[in-house]
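# Architecture and fold: a report
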Amino acid sequence: MLSACLPAVAVITSLAAGPVTAALPSSPGTPHVVVLHGLARTDRSMEPLAERIASAGYRVFNVNYPSRDLTPDELVSALHEVLQACCVEASRIHFVTHSLGGILVRGYAAQHPDPRVSRVVMLSPPNRGSELVDRFGDSWLFRAVMGPTARQLGTAGDSFPNRLPPPGFELGVIAATGSINPVGSALIPGEDDGIVALCSMWIEGVTDMITVASSHALVMRSPEVADLVLGFLANGFFGDEPADRVDAVAAACAASEDHQDPATP
């Protein structure tokens with residue numbers, strides 16, 4: 001159902017025919033890093049970042065999955081199959097994700113609690129949904145092109161991301177705020193990356209959060225982002241102590257929600 005390919009690091013050629021894995025030798029205890037692309041993308045979008053992570057000494061699995069073909073539960077089950085194939089021997093598993101990939105990790109952690117899941121870096125994740133799905137999710141064209149999971153990525157309380165519990169792992173969020181999508185940004189309140197609002201990337205329990213001047217579509221290609229990813233995987237935060245950054249985003253988002261809700265005192 002899912003496949004992964006990262007030359008000279010690890011290959012899962014076919015889960016449908018039974019997992020076949022090959023990897024360069026690594027020392028016992030080497031953390032595994034599972035890389036997940038976003039909606040309507042493929043593993044190729046994450047290749048440069050995956051290769052950069054591998055060059056730092058991690059054992060990397062760049063996963064390709066049919067993001068537009070399956071329901072959320074089916075995608076989470078497929079991710080579970082991948083981890084059973086690639087990472088049974090791992091003592092620690094990190095994730096680096098883009099967009100929907102981060103929500104799948106949250107879904108996996110909720111359905112398959114795994115103490116080996118250690119650090120997760122999410123790039124522009126719709127942790128609280130996207131207003132663009134609210135606007136367009138019921139249209140026939142959106143349903144036809146984006147598939148069943150995309151329709152469940154809105155901001156309503158019963159959407160896929162908002163049904164999930166807070167993270168039980170160390171979580172770093174890299175929030176792109178350099179939109180190149182003026183139409184999308186016009187429909188999204190506050191700062192955004194053209195697809196997801198900054199305040200929708202935030203989630204209660206985040207360990208660290210930092211903004212970068214990139215777009216939703218290209219954030220994974222930024223050398224600055226690659227440096228930040230490696231810093232979080234190594235240290236559990238981006239550069240320096242995270243408390244002020246996280247508190248500032250949380251306060252700004254709370255103030256924004258209060259302003260938008262006339263019933264809030």
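Here the structure is shown first, and the text comes after it.
Taken together, W140, L141 and V145 make up a surface patch of nonpolar side chains, about 340 Å² in accessible area. Taking relative accessible area as the criterion, V145 reaches 39% and is therefore assigned partly exposed.

Another point: the pairing of strand β4 (residues 32-36). Across the five residues of β4, five count as buried, placing the element largely inside the fold. With burial as the criterion, each face of β4 is covered, one bearing H32, V34 and L36 and the other bearing V33 and V35. Here five bridges tie β4 to strand β5 (residues 59-64), and the two strands are oriented parallel to one another. Within β5, the position partnered with V35 by the bridge is N62. Direction of pairing for β4 relative to strand β6 (residues 93-98): parallel, over a ladder of five bridges. Within the sheet, the bridge partner assigned to V35 lies in β6 and is V96.

Moving on, we get to the packing of aromatic side chains. For the coordinates displayed, the defined rule picks out one aromatic pair. Their ring planes at 40° and their centres at 5.2 Å tell us that F232 and F238 sit as a pair that is tilted. As far as the burial class goes, F232 and F238 line up, both buried.

A few words now on the state of the cysteines. Under the criterion given, the structure shown has two disulfides. Between C199 and C253 runs a disulfide, and the two sulfur atoms are separated by 2.2 Å. Sign of the S-S torsion, about -90° for the bond between C199 and C253, identifies this disulfide as left-handed. Here C253 lies in helix α10 (residues 243-260) and C199 lies in helix α8 (residues 198-201), a separation of 54 residues in the sequence. Each disulfide in the protein links cysteines that, numbered along the sequence, combine into the pattern 1-2, 3-4.

Bringing the side chain of S45 into the picture now. Looking at the secondary structure, you find S45 in the loop between β4 and α1 (47-55). Within the structure, the side chain of S45 is placed 2.8 Å from the backbone oxygen of T42, a separation counted as a polar contact. Look past the residues within four positions of S45 in its chain and what remains in contact with it is H37, M220 and R221.

What follows covers the packing of helix α2 (residues 72-86) against helix α3 (residues 100-111). Packed helices, taken two at a time, are described by the angle between their axes plus the distance between the axes. Close contact between α2 and α3 brings their axes to 9 Å; oriented N to C, the two are set at 80°. Relative to α3, α2 is oriented roughly perpendicular. Within the contact between the two elements, α2 uses D73, L75, V76, L79, H80 and L83 and α3 uses L100, L104, V105, G107, Y108 and Q111. Class assignment of the residues belonging to the contact of α2 with α3 gives a composition of eight nonpolar, three polar and one charged.

Moving on to the pairing of strand β7 (residues 117-123). Counting buried residues along β7, seven of its seven residues qualify, which places the element largely inside the surrounding structure. Sheet topology places β6 next to β7; five bridges connect them, and they run parallel. Looking at β7, one finds that V96 is bridged to V121. Handedness of the crossover is the feature at issue here: the chain leaves β6, passes through α3, returns alongside β7, and the resulting connection is right-handed.

Its volume calculated, the largest pocket comes out at about 500 Å³. Along the walls of the largest pocket sit 27 residues, with L39, L132, M146, I195 and H216 positioned nearest its centre. In terms of residue count, the dominant contributor to the lining of the largest pocket is helix α4 (residues 131-136) (three residues). Split by residue class, the lining of the largest pocket holds 16 nonpolar, nine polar and two charged.

Spanning 15 residues, α2 covers 21 Å between terminal C-alpha atoms, matching the ideal 21 Å at 1.5 Å per step. Taken residue by residue, α2 has P72, L75, V76, A78, L79, V82, L83, A85 and C86 as its buried positions.

Bringing the nonpolar core into the picture now. Ranked by size, the top nonpolar core spans 46 residues in total, and within it V34, F95 and M209 carry the most contacts. When residues in this core are grouped by element, the largest group, six residues, is from α2. If sequence neighbours within four positions are ignored, M209 has contacts with V173, A175, L198, M201, W202, F238, R245, V246 and V249. Listed in part, the 26 residues of the second largest apolar core include I174, V225, L228 and L230.

Rules and cut-offs
- Residues numbered from 1 in each chain as written.
- Predicted model: local features only at pLDDT ≥ 70, side-chain atom pairs only at ≥ 80, totals over all residues.
- Heavy atoms only, no water.
- Patch = residues over 30% accessible without salt bridge, like charges linked within 9 Å, V, L, I, M, F, W, Y side chains within 5 Å.
- Areas by Shrake-Rupley, 256 points an atom, 1.4 Å probe, with all protein chains shown as cover.
- Salt bridge = Lys/Arg side-chain N within 4 Å of Asp/Glu carboxyl O.
- Buried < 20%, exposed > 50% of the residue type's maximum accessible area, 1.4 Å probe, protein only.
- Helix = DSSP H or I, 4+ residues; strand = E, 2+ residues; numbered from the N terminus.
- Pairing = 2+ DSSP bridges.
- Phe/Tyr/Trp six-rings, centres within 6.5 Å; stacked < 30°, edge-to-face > 60°.
- Disulfide = S-S within 2.5 Å.
- Polar contact = N/O pair within 3.5 Å; in protein donor to acceptor, adjacent residues only side chain to side chain.
- Contact = heavy atoms within 4.5 Å.
- Axes fitted to C-alpha atoms, helices over the stretch in contact; angles between N-to-C directions.
- Parallel < 35°, antiparallel > 145°, perpendicular 65-115°, else oblique.
- Nonpolar A, V, L, I, M, F, W, Y, C, P; charged D, E, K, R; others polar.
- Right-handed = clockwise from strand over helix to strand, strands pointing away.
- 1 Å grid on protein atoms, 1.4 Å probe; cavity = no way out; pocket = protein on both sides within 12 Å on 5 of 7 lines; lining within 4 Å.
- Points joined across faces, edges and corners; volume = space filled by probe spheres on them.
- Expected span 1.5 Å × (residues − 1).
- Core = buried A, V, L, I, M, F, W, Y, C linked by side-chain atoms within 4.5 Å.

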